Amino acid sequence: MTALPLRPLARLYNALPVHLQRAVLAATHTSFLVGVVGLGVDPEGRIVLARHRFGTPSWRFLGGMLDRHEDPADSLVREIAEETGLPVTVGPLLAVANGRSWAHVEILYAYLVRDPLPGGSSDELLAVAAFAPDDLPPMRADHRALLDRHAGAAIAWALGVPAP
């Protein structure tokens, strides 16, 4: 099989209206879901984790899927409010990671919880709790790896101290 000449293809592609260029891209590229999650910290420097009703029951970050045309930080605020009712302050972007076992990308932000965590469960959560960084429960492996790499920066930002 011979390769198609790229220059004539580029001229043809560039002559297409933008909406058709985007349709070509969408049809020829693998699609990914984009999730936005947060490495939450409370005012005492504890890590906020949740056990969700859907998916693995392991402790993991709060967050959810990014809606079309939604700013990622706004998406995190919305998801946390939907899941817990808590207002949060979103901090720095910590990481963007691709999924290992399925086609998704996760955007990880630090965030600060100012109000007390809700007790009990909700429609989406079995539990939400804050844990000392040196006394974390068993977690979903990919979130634990992100936490291990970025907890210091998230805690430093949330508490307003220099990063380690």
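Note: the structure precedes this text.
Now for a look at the structure at hand. (Residues numbered from 1 in each chain as written. Predicted model: local features only at pLDDT ≥ 70, side-chain atom pairs only at ≥ 80, totals over all residues. Heavy atoms only, no water.)

1. Points about the nonpolar core
The biggest cluster of nonpolar side chains holds 22 residues, and the ones touching the most others in it are Leu39, Val41, Ile47, Leu49, Phe61, Leu108 and Leu147. Counting only elements with at least two residues in this core, the list comes to β1 (33-41), β2 (47-52), β5 (88-98), β6 (104-113), β7 (125-131) and α4 (141-159). In terms of residue count, the dominant contributor to this core is α4 (6 residues). Those residues in contact with Val41, other than ones at most four positions away along the chain, are Arg46, Ile47, Val48, Tyr111, Leu112, Val113, Ala154, Ile155 and Ala158. In terms of nonpolar packing, the next biggest core, distinct from the first, is built from 16 residues, Ala50, Leu76, Val88 and Val113 among them. (Core = buried A, V, L, I, M, F, W, Y, C linked by side-chain atoms within 4.5 Å. Buried < 20%, exposed > 50% of the residue type's maximum accessible area, 1.4 Å probe, protein only. Helix = DSSP H or I, 4+ residues; strand = E, 2+ residues; numbered from the N terminus. Contact = heavy atoms within 4.5 Å.)

2. A word on the environment of Trp157
Here Trp157 shows up in helix α4. Residues Trp157 and Tyr111, spaced 46 residues apart in sequence, show a C-alpha to C-alpha distance of 8.8 Å.

3. Points about the side chain of Glu83
Residue placement: Glu83 occurs in helix α3 (residues 72-84). For the buried Glu83, which has no salt bridge, the nearest side chain bearing the opposite charge is Arg60, at an N-O separation of 7.7 Å. If near-sequence neighbours (up to four positions away) are discounted, Glu83 is found in contact with His52, Leu62, Gly63, Ser122, Glu124 and Leu125. (Lys, Arg positive; Asp, Glu negative; His and termini not counted. Salt bridge = Lys/Arg side-chain N within 4 Å of Asp/Glu carboxyl O.)

4. A word on the pairing of β2
A large share of β2 lies buried, amounting to 5 of its 6 residues. Alignment of β1 against β2, held across 2 bridges, turns out to be antiparallel. Bridged to Val41 within β2 is Ile47. A loop of 5 residues connects β1 with β2, the two strands running antiparallel in sequence, and Gly45 in this loop sits at a positive phi of about 85°. By the bridge criterion, 6 bridges tie β2 to β7 in an arrangement that is antiparallel. Considered in β7, the bridge of His52 is made with Leu125. Examined bridge by bridge, β2 and strand β3 (residues 59-60) share 2 bridges and lie antiparallel to one another. The partner of Ala50 across the bridge, within β3, is Arg60. Hairpin geometry of β2 and β3 is characterised by an intervening segment of 6 residues between the two adjacent antiparallel strands and by a positive phi of about 80° at Gly55. (Pairing = 2+ DSSP bridges.)

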